2 protein chains.
Amino acid sequence: MPQKPNYEVHADRTVTFTLRAPDAATVKVSGDFVQGAQDLKKGDDGVWTFTTAPLNPAVYSYTFAVDGVRLTDPSNPMIKSGDRSSESMFEVHPDSAAPYDVQPVPHGTVHVNWYQSKSLGVVRSIYVYTPPGYEESKSKYPVLYLLHGSGDTEAGWVTIGRANFILDNLIAAGKAKPMLIVMPYGRPLADVSLVVSPPQAQTDPAAFQNDVLQDVIPYVEKLYHVSAKADDRAIAGLSMGGGQALQIGLSHLDTFHAIGAFSAASRGQAEEQYKDFFADPAADNKKLKLFYIACGKTDSLFPAAQNLHEALDKHQIHHTFAPSEEGHVWRNWRNYLADMAPQLFR
Amino acid sequence: MPQKPNYEVHADRTVTFTLRAPDAATVKVSGDFVQGAQDLKKGDDGVWTFTTAPLNPAVYSYTFAVDGVRLTDPSNPMIKSGDRSSESMFEVHPDSAAPYDVQPVPHGTVHVNWYQSKSLGVVRSIYVYTPPGYEESKSKYPVLYLLHGSGDTEAGWVTIGRANFILDNLIAAGKAKPMLIVMPYGRPLADVSLVVSPPQAQTDPAAFQNDVLQDVIPYVEKLYHVSAKADDRAIAGLSMGGGQALQIGLSHLDTFHAIGAFSAASRGQAEEQYKDFFADPAADNKKLKLFYIACGKTDSLFPAAQNLHEALDKHQIHHTFAPSEEGHVWRNWRNYLADMAPQLFR
């Protein structure tokens, strides 16, 4: 039998963390539900506890630290495995189903593919979501290339991002077009699930872009029945992946006609950074069907998002700017995807 | 950049584990490479270390314990996530590629499907391996239903079992027929990757069998282009899953014409336990194309495997009995799959 995880969500939406550690001197918990590490208090039975304030409904992540050593919850199977570290997850449920919840609708499939990246010289995996009905259909579907943030892997948009359930729900409600979502690993390295020796740094700044353009896209367009028109290709990402989506997308408007930048790691002045793109606004507007920019107002990356938005306004380049509450957290990114996906491929 | 995990495999195949824990009083490591928990020794820099004896090439799992609290390696992304606990993994490479290694051959796809189990009343996921070429083909493939052991999930045969790479390699070498492998979750409960509240025990002993026969098989045969002939269906499993494969398979010879029991959790006298099956050996021999039984000689389940083998001999029921070295460990189960798969669907 599965064990009970070391947290409990109460009816008032407070959450109690517990950890049995009779021999530990300190136990802490941290995560995206609270600022900073919180001390658990030791009970006479050797079980440590901490209870949060009431939390807004969302999926959250957390880790414990026992005498200074970080660990995931030893008995919670909901793990988000990153390329540097892992975190456990819990969900505070809303009264009705959330956009990222498993609802009683048809479910798509998540595929894990392994491909030989010629540009990187290594085997890598990609996660590919196909919508319900894909298997029986012969349609050529549009594709969203969706990039993760620093510390995550190609699995992140599924395990903690729930991109597949978000799309299942939007498609069932008739709000989004059925589409594929292709999620590559954002570091230009061998796949971390198969790591054999410590990864070698890749110093070519175009290495990931080459992998996407020369390896991932041709692989996907060969294996899956998808459209190869730029109108039917979008690229989006969060944080590091948002910066990559801007970098790759804005310089390849013949490949992608839609771009999404979620809390994008893009610093400096947009007009300088994307000089070629800003050189011909009329051409940009002709090609770009959707340019979606979102960022939390308390995110340290917000000024860069605002700067990009203002530069686009100045040059009269069509775009959507969606500032949100909160900061650099996953609950924003799920919402951004749920907000952007219905606007794609229209 | 991904971090270096907390182990290092040396040229002599010894492995050193290290963990930075200046404030800990004890640090231990355990796993399937050693008997019992091993003490790490603290260095002046607060880094604890332990070095193993030389290990045979294999994929191994391990966890640390810091002041009595169990944890996976905080900086190793190779995690095997179970339904009770998780373990980190490392590989000691052989001189040439192992049967479970990623080799330069065409790779199949691992699909994650979500289905509504009517018999269990919950949403569950299954992992499905399709062989290279499946997407472009219209053939009706044979299917191996492959069950995991206690503590694992539907992901286990992929993450630590490497069933997909084992089949990729066998198929590329012309040794196994291209086939699908379907991997359900062996507990009759909601999917642990989506756990919302502590799981409720299912007391109906036929609950998992009902899910396999009434939900999983119809779902798979609708979604995938596979054969629905009993000659093209096999059921196999390890440990708990081996017991389930025997229980389900031997009582449904009109559904499955091949059965694999790997270190099967099946206790008691085989002739009593599978009374109906032993009642008509001639009929059994007519239906069963392959009955594969394997177990490690030092496994506590070995006597049961031997008892089954002897009962089959006594009743002259065709089968393969493959006793191996070692005990109840994953390296045996990878080998058993690599040994059995070439014999399937002939």
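One can find the structure itself at the top, above this paragraph.
Just so you know, these numbers come straight off a predicted model, no measurement behind them.

1. Focus: the environment of methionine 183 of chain B
All names here are of chain B.
Phase 1: Take methionine 183: it is sitting in strand S14 (residues 180-183).
Phase 2: On the accessibility criterion, methionine 183 (1% relative accessible area) is buried.
Phase 3: For the pair methionine 183 and tyrosine 127, spaced 56 residues apart in the sequence, the C-alpha separation amounts to 5.0 Å.
Phase 4: Non-local contacts of methionine 183, meaning those with residues more than four positions away in its chain, are made with Ile126, Tyr127, Val128, Tyr129, Leu146, Glu154, Trp157 and Val158.

2. Some points on the packing of aromatic side chains
Phase 1: Scanning the entire structure with this criterion turns up 48 aromatic pairs over all chains.
Phase 2: A ring pair is formed by tryptophan 114 of chain A and phenylalanine 165 of chain B, whose centres lie 5.1 Å apart and whose planes are at 75 degrees; its orientation type is edge-to-face. Taken together, the positions of tryptophan 114 of chain A in strand S11 (residues 109-117) and phenylalanine 165 of chain B in helix H2 (residues 163-172) put the pair across two chains.
Phase 3: The exposure class assigned to phenylalanine 165 of chain B is buried, which follows from its relative accessible area of 3%.
Phase 4: Ring plane angle 90 degrees and centroid distance 6.2 Å describe the contact between phenylalanine 277 of chain A and phenylalanine 291 of chain A, whose orientation is recorded as edge-to-face. One end of the pair, phenylalanine 277 of chain A, is in helix H6 (residues 275-278); the other, phenylalanine 291 of chain A, is in strand S17 (residues 290-296), and 14 residues separate them in sequence. Of the two residues, phenylalanine 277 of chain A and phenylalanine 291 of chain A, neither departs from the other in class, the shared state being buried.
Phase 5: Members of the aromatic cluster, connected to one another through ring pairs, are Tyr7, Phe17, Phe33, Tyr60, Tyr62, Phe64 and Phe90 of chain A.
Phase 6: Over the aromatic face of tyrosine 100 of chain B sits the side chain of arginine 334 of chain B, whose NZ or CZ is 5.6 Å from the ring centroid.

3. Considering the pattern of salt bridges
Residues and elements named next belong to chain A.
Phase 1: Enumeration over the complete set of coordinates arrives at 27 salt bridges over all chains.
Phase 2: One salt bridge in this structure joins arginine 162 and aspartate 101, with 3.6 Å as the shortest N-O distance. On the criterion of sequence distance, the pair formed by arginine 162 in the loop between helix H1 (156-159) and helix H2 (163-172) and aspartate 101 in the loop between strand S10 (86-92) and S11 is long-range, its members being 61 residues apart. The residues arginine 162 and aspartate 101 share a single accessibility class, namely buried.
Phase 3: Salt bridges here are not isolated pairs; linked through shared partners, they connect Arg70, Lys80, Glu87 and Asp152.

4. Thoughts on the pairing of strand S2 (residues 15-20) of chain B
All names here are of chain B.
Phase 1: The pairing of strand S1 (residues 7-9) with S2 spans 3 bridges and is antiparallel. In the sheet register, valine 9 faces S2, and the bridge partner there is valine 15.
Phase 2: Count of turn residues in the S1/S2 antiparallel hairpin: 5 residues, of which arginine 13 carries a positive phi of about 70 degrees.
Phase 3: Across 5 bridges, the pairing between S2 and strand S6 (residues 47-51) is antiparallel. When the sheet's bridge partners are listed, arginine 20 is paired in S6 with valine 47.

5. Here we look at the interface of chain A and chain B
Phase 1: Taken together, the contact pairs 54 residues of chain A with 55 residues of chain B.
Phase 2: Here chain A packs against chain B, burying approximately 4800 Å² in sum over the two surfaces, 65% of which is carbon and sulfur.
Phase 3: Inspection of the region where chain A meets chain B yields 0 salt bridges.
Phase 4: Here the side of chain A that touches chain B gets 6 residues from one element, more than from any other, and that element is S11 of chain A.
Phase 5: Looking at the side of chain A that touches chain B residue by residue, the classes come out as 28 nonpolar, 15 polar and 11 charged.
Phase 6: In this sheet, strand S11 (residues 109-117) of chain B lies alongside S11 of chain A in antiparallel orientation, the contact comprising 5 bridges. Bridge pairing links valine 110 of chain A to valine 112 of chain B in S11 of chain B.

6. Observations concerning the sheet that holds strand S5 (residues 41-42) of chain B
All names here are of chain B.
Phase 1: Taking strand neighbours across the sheet as the criterion, the 4 strands line up as S1-S2-S6-S5 in an open arrangement whose pairing is antiparallel. Strands at the two margins of the open sheet, each flanked by one partner only, are S1 and S5.
Phase 2: Relative to S6, S5 is paired through 2 bridges, and the arrangement is antiparallel. Paired with lysine 42 across the two strands is tryptophan 48, which belongs to S6.

7. Structural notes on the side chain of asparagine 113 of chain A
Phase 1: Within the fold, asparagine 113 of chain A resides in strand S11.
Phase 2: Of the polar contacts made by the side chain of asparagine 113 of chain A, one reaches the side chain of tyrosine 224 of chain A; its length is 2.6 Å.
Phase 3: Reaching out from asparagine 113 of chain A, the side chain makes a polar contact with the side chain of threonine 109 of chain B at a distance of 2.8 Å.
Phase 4: In this structure, asparagine 113 of chain A is in contact with Arg124, Ser125, Ile126, Val128, Tyr219, Leu223 and Tyr224 of chain A together with Thr109 of chain B, ignoring residues within four places of it in sequence.

8. Looking at the sheet that holds strand S5 (residues 41-42) of chain A
Phase 1: The sheet built from 4 strands is open, its strands ordered S1-S2-S6-S5 (chain A) with antiparallel pairing. Two strands bound the open sheet, and with one partner strand each, they are strand S1 (7-9) and S5 of chain A.

9. Describing the relation of the copies chain A and chain B
Phase 1: Of the transformation superimposing chain A on chain B, the axial component is 0.0 Å and the angular component is 180 degrees, with the fit at an RMSD of 0.0 Å. These values place the two chain copies in the arrangement generated by a two-fold rotation axis. Across chain A, the rotation axis passes nearest the C-alpha of histidine 111 of chain A, at a separation of 2.1 Å.

10. Some thoughts on the packing of helix H3 (residues 207-223) of chain A against helix H4 (residues 240-250) of chain A
All names here are of chain A.
Phase 1: Where H3 meets H4, the axes come as close as 11 Å, and the angle between the chain directions of the two elements is 65 degrees. The element H3 and its partner H4 pack so that their crossing is right-handed. Of the residues in H4, those in contact with Phe208, Gln209, Val212 and Leu213 of H3 are Gln244, Gln247 and Ile248.
Phase 2: Grouping the constituent residues of the contact of H3 with H4 by class yields 4 nonpolar, 3 polar and no charged.

11. Some remarks on helix H3 (residues 207-223) of chain B
Residue and element names in this part refer to chain B.
Phase 1: Between its terminal C-alpha atoms H3 stretches 23 Å, which fits the 24 Å expected from 17 residues at 1.5 Å a residue.
Phase 2: Valine 216 marks where H3 bends most, by close to 30 degrees; the proline proline 218 follows one to four residues later.
Phase 3: If you check which residues of H3 are buried, you get Ala207, Phe208, Gln209, Asp211, Val212, Asp215, Val216, Ile217, Tyr219, Val220 and Leu223.

12. Observations regarding the side chain of glutamine 244 of chain A
Phase 1: Following the sequence through the fold, glutamine 244 of chain A ends up in helix H4.
Phase 2: The residues contacting glutamine 244 of chain A, other than those within four sequence positions of it, are Leu147, Gly186, Phe208 and Gly249 of chain A.

13. Considering the packing of H2 of chain B against helix H9 (residues 330-340) of chain B
Residues and elements named next belong to chain B.
Phase 1: As a packed pair, H2 and H9 sit with axes 10 Å apart at the nearest point and diverge in direction by 35 degrees. For the pair H2 and H9, the sense of crossing is right-handed. Two secondary-structure elements touch here, H2 through Ala163, Ile166, Leu167 and Leu170 and H9 through Arg334, Leu337 and Ala338.
Phase 2: When grouped by side-chain class, the residues that make up the contact of H2 with H9 number 6 nonpolar, no polar and 1 charged.

14. Some remarks on the nonpolar core
Phase 1: Phe17 and Phe262 of chain A together with Phe17 and Phe262 of chain B are the most contacted members of the largest nonpolar core, which totals 134 residues.
Phase 2: When neighbours within four sequence positions are excluded, phenylalanine 262 of chain A is seen to be in contact with Leu146, Trp157, Ala236, Gly237, Leu238, Ser239, Tyr292, Ala294, Trp333, Tyr336, Leu337 and Met340 of chain A.
Phase 3: Counting 45 residues, the second largest nonpolar core, distinct from the first, contains Tyr115, Tyr141, Tyr145 and Ile317 of chain B.

Criteria and thresholds
- Residues numbered from 1 in each chain as written.
- Chains lettered and ligands numbered in written order.
- Predicted model: local features only at pLDDT ≥ 70, side-chain atom pairs only at ≥ 80, totals over all residues.
- Heavy atoms only, no water.
- Helix = DSSP H or I, 4+ residues; strand = E, 2+ residues; numbered from the N terminus.
- Buried < 20%, exposed > 50% of the residue type's maximum accessible area, 1.4 Å probe, protein only.
- Contact = heavy atoms within 4.5 Å.
- Phe/Tyr/Trp six-rings, centres within 6.5 Å; stacked < 30°, edge-to-face > 60°.
- Lys NZ or Arg CZ within 6 Å of the ring centre and 35° of its normal.
- Salt bridge = Lys/Arg side-chain N within 4 Å of Asp/Glu carboxyl O.
- Pairing = 2+ DSSP bridges.
- Buried area = accessible area lost by both parts, 1.4 Å probe.
- Nonpolar A, V, L, I, M, F, W, Y, C, P; charged D, E, K, R; others polar.
- Polar contact = N/O pair within 3.5 Å; in protein donor to acceptor, adjacent residues only side chain to side chain.
- Least-squares fit on C-alpha atoms with pLDDT ≥ 70 in both.
- Axes fitted to C-alpha atoms, helices over the stretch in contact; angles between N-to-C directions.
- Left-handed = near helix turned anticlockwise from the far one by under 90°.
- Expected span 1.5 Å × (residues − 1).
- Bend = angle between axes of the 7 residues up to and from the residue.
- Core = buried A, V, L, I, M, F, W, Y, C linked by side-chain atoms within 4.5 Å.

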